[in-house]
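# Structural characterization, general
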Amino acid sequence: MTHHLSRADARRIAVHAQLLDRRRPTDVREVVRHLAMLQVDPTAAVAPNADLVLWSRLGSAYERADLERALAEHTLIELLALIRPAEDIALYRADMDSWAERPGPARAWITANDACRRDILRRLEAEGPLPSRDLPDTCAVPWGSTGWTNNRNVTMMLDCMTARGEVAVAGRAGRQRLWDLADRVYPDVPVVPAEQARRIRDERRLRSLGIARARTTQSPVEAWDVGEAGEEAVVDGVKGTWRVDPALLGQPFTGRSALLSPFDRLVHDRTRAVELFEFEYLLEMYKPAGKRRWGYFALPVLYRDRLVGKLDATADRKAGVFRVHALHQDVPFSVAMATAVDAEIADLADWLGLDLAR
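Here's what I pulled together on the structure shown here.

What counts as what
- Per-chain numbering applies: the sequence of each chain, read as written, is numbered from 1 onward.
- Only residues with pLDDT of 70 or above have their local features reported here, since the model is predicted, and side-chain atom pairs are shown and tallied only from 80 upward, although totals for entire chains, interfaces and linings are computed over all residues.
- Side-chain measures here rest on the full set of heavy atoms in the structure, leaving out hydrogens and waters.
- In this analysis an axis means a line fitted to C-alpha atoms, helices contributing only their contacting stretch, and an angle means the value between N-to-C directions, from 0 to 180 degrees.
- Under the DSSP-based scheme used, a helix requires at least four consecutive residues in state H or I and a strand at least two consecutive residues in state E, with every element numbered from the N terminus.
- Every angle not falling under 35 degrees, over 145, or within 65 to 115 is termed oblique; those three ranges are roughly parallel, roughly antiparallel and roughly perpendicular.
- We call two residues in contact whenever any of their non-hydrogen atoms come within 4.5 Å of each other.
- Just so you know the grouping, Ala, Val, Leu, Ile, Met, Phe, Trp, Tyr, Cys and Pro go in nonpolar, Asp, Glu, Lys and Arg go in charged, and all remaining residues, Gly too, go in polar.
- DSSP-based pairing: two strands are paired if at least 2 bridges between them are found.
- Residues adjacent in sequence count toward polar contacts only when both atoms are side-chain atoms; beyond that, a polar contact is any pair of N or O atoms within 3.5 Å, and within protein one must be able to donate a hydrogen and the other to accept it.
- Remark: nonpolar core denotes a set of buried residues (Ala, Val, Leu, Ile, Met, Phe, Trp, Tyr, Cys) joined through side-chain atoms within 4.5 Å.
- Each residue's exposure class comes from its accessible area (1.4 Å probe, protein chains only) as a fraction of the maximum for that residue type: buried when under 20%, exposed when over 50%, partly exposed otherwise.
- Pairing of aromatic side chains here covers Phe, Tyr and the six-membered ring of Trp, requires ring centres within 6.5 Å, and sorts the geometry by plane angle: under 30 degrees stacked, over 60 edge-to-face, intermediate tilted.
- Placement of a charge over a ring requires the Lys NZ or Arg CZ to be within 6 Å of the ring centre, with the centre-to-atom vector within 35 degrees of the ring normal.

## Let's talk about the packing of helix α1 (residues 7–17) against helix α10 (residues 194–209)
- For the pair α1 and α10, interaxial distance at closest approach is 6 Å and the crossing angle is 110 degrees. Here α10 runs roughly perpendicular to α1, going by the angle between their axes. Where α1 abuts α10, its residues Ile13, Ala14 and Ala17 lie against Arg207, Ser208 and Leu209.
- Here the contact of α1 with α10 is built from residues that sort into four nonpolar, one polar and one charged.

Pasting the structure below:
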């Protein structure tokens, strides 16, 4: 069976699935379990991504300490720069167990430096959790790269050991990750076989997105597509087929306004944002200032089931103000839209503990 959806239907499914409609969740763990992941990005022009995503869902009732507590208690874990429910490690264990069988330069490099790997394990067992700077670099063969990882042996070793399931991020001291033995961080849960685990991950990804492509742009850490999860759908005016979570079909929808992180999963797949929301967006923090259209860290603006603009704003913590440089309107704002968006801007400033400056 193929479901036929209007663009409005598809948008509402996507917004509802991302917990951005009128019904707000109330618990950090509930949000992470539903979204399946929070991307860790320390850019704090407004707020770090994980905090901003949680604020967009929970509102100003969200306190950063709630996330910090869940990570410290290991009910949430950080894996590959993504915060996940701790129990989901069961869906990655099979891949970790088979890592050493995969061909590639990392496998050969870690084999050549097995003594260093063992030195790190011994240090963590005795003294962990520790930041990477306190771990020994006894590599016989340095990691070679034309990029920033060149000769960053401990960083690369920890990445490989994480992929093997030997070490894990146990917490943070400021922006510094603290490392420990994986067995001290991850819960003891049964390993889900690899193929079954991939199907479950696809299903959870679709549940959090609502509607997605079966296959789309490759992502190096976490896929954006959903394989054969859900049921087939077509969207009016959009080429190709989609996969939709059937549980979200025909659900009542009441929207609201929201300010989103540039890394928010509603907009993270830029092609999907164009196809479903007709929303063009590019994170411009890496562009020269004179070439930016919307700003260094512009926040996409959601109003009900439409992405309607971008907020160019900065949290100036030294001056104690939240500076609004521009509010770019993709469509002319009605009085109701302007009022709702202004309320969100004021709420964000209040949550940040800053005075609003426009």
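Still to come is the rest of the account.
## A short note on the sheet that holds strand β9 (residues 231–235)
- In space, the four strands of this open sheet follow the order β1-β9-β10-β8, with mixed pairing throughout. The open sheet terminates on both sides in strands that have one partner only, identified here as β1 (2–5) and β8 (211–212).
- When β8 meets strand β10 (residues 242–244), the two strands line up antiparallel, connected through two bridges. Opposite Ala212, over in β10, you have Arg243 as the bridge partner.

## What about the sheet that holds strand β12 (residues 299–303)?
- The sheet built from five strands is open, its strands ordered β11-β12-β13-β14-β15 with mixed pairing. One side of each edge strand has no neighbouring strand; the edge strands of this open sheet are β11 (257–259) and β15 (355–357). Neighbour to neighbour, the strand axes of the sheet diverge by 30 degrees on average, direction disregarded.
- Sheet topology note: the strand β14 (residues 321–329)/β15 ladder contains three bridges and is parallel. Counted as the bridge partner of Val321 is Asp355 from β15.

## With respect to the side chain of Arg201
- By the element assignment, Arg201 lies in helix α10.
- In this structure the side chain of Arg201 is engaged in a polar contact, spanning 2.5 Å, whose partner is the backbone oxygen of Leu91.
- The residues contacting Arg201, other than those within four sequence positions of it, are Leu91, Tyr92 and Asp95.

## Some details on the packing of helix α7 (residues 114–127) against helix α8 (residues 153–163)
- One way to put it is that α7 packs onto α8 with a least axis distance of 11 Å and a crossing angle of 80 degrees. As summarised for this structure, α7 and α8 are arranged roughly perpendicular, according to the angle between their axes. Of the residues in α8, those in contact with Cys116, Arg117, Ile120 and Leu121 of α7 are Met157, Leu158 and Met161.

## Some words on unusual backbone geometry
- With an omega of 0 degrees, the peptide bond running from Gly128 to Pro129 counts as cis.
- Tracing the backbone shows Pro129 in the loop between α7 and β5 (130–131).
- The backbone phi angle of His74 is positive, close to 60 degrees, even though this residue is not glycine.
- Structurally, His74 is set in the loop between α4 (64–72) and β3 (76–79).
- A positive phi angle, near 55 degrees, is found at Leu80, a position not held by glycine.
- Within the element layout of this structure, Leu80 appears in the loop between β3 and β4 (82–85).

## Thoughts on the nonpolar core
- Ranked by internal contacts, the top residues of the largest apolar core, which has 69 residues, are Ile211, Leu266, Phe322 and Leu348.
- Tallying contributions element by element places helix α12 (residues 335–352) first for this core, with seven residues.
- Listed in part, the 20 residues of the second largest apolar core include Ile110, Ile120, Met157 and Val169.

## Remarks on the packing of aromatic side chains
- For the structure on display, the rule yields six aromatic pairs.
- Seen in terms of ring centroids, Phe263 and Phe297 are 6.4 Å apart; in terms of plane orientation they differ by 55 degrees. Their pairing is tilted. Of the two residues, Phe263 is situated in the loop between β11 and α11 (270–277) and Phe297 in the loop between α11 and β12; the sequence distance between them amounts to 34 residues. Per residue, the accessibility class of Phe263 equals that of Phe297, and both read buried.
- An aromatic cluster is defined as three or more aromatic residues linked by ring pairs; in this entry it consists of Trp55, Tyr62 and Trp351.
- Seen from the ring of Trp351, Arg64 lies directly overhead, with NZ or CZ sitting 4.4 Å from the centre.
- Lying across the ring of Trp242, Arg213 places its NZ or CZ 3.9 Å from the centre.

## Quick notes on the side chain of Arg57
- Structurally, the position occupied by Arg57 is in helix α3 (residues 49–58).
- Those residues in contact with Arg57 that sit more than four places away from it in its chain are Gln18, Leu19, Leu20, Arg24, Pro25, Val31, Leu35, Arg256 and Asp264.

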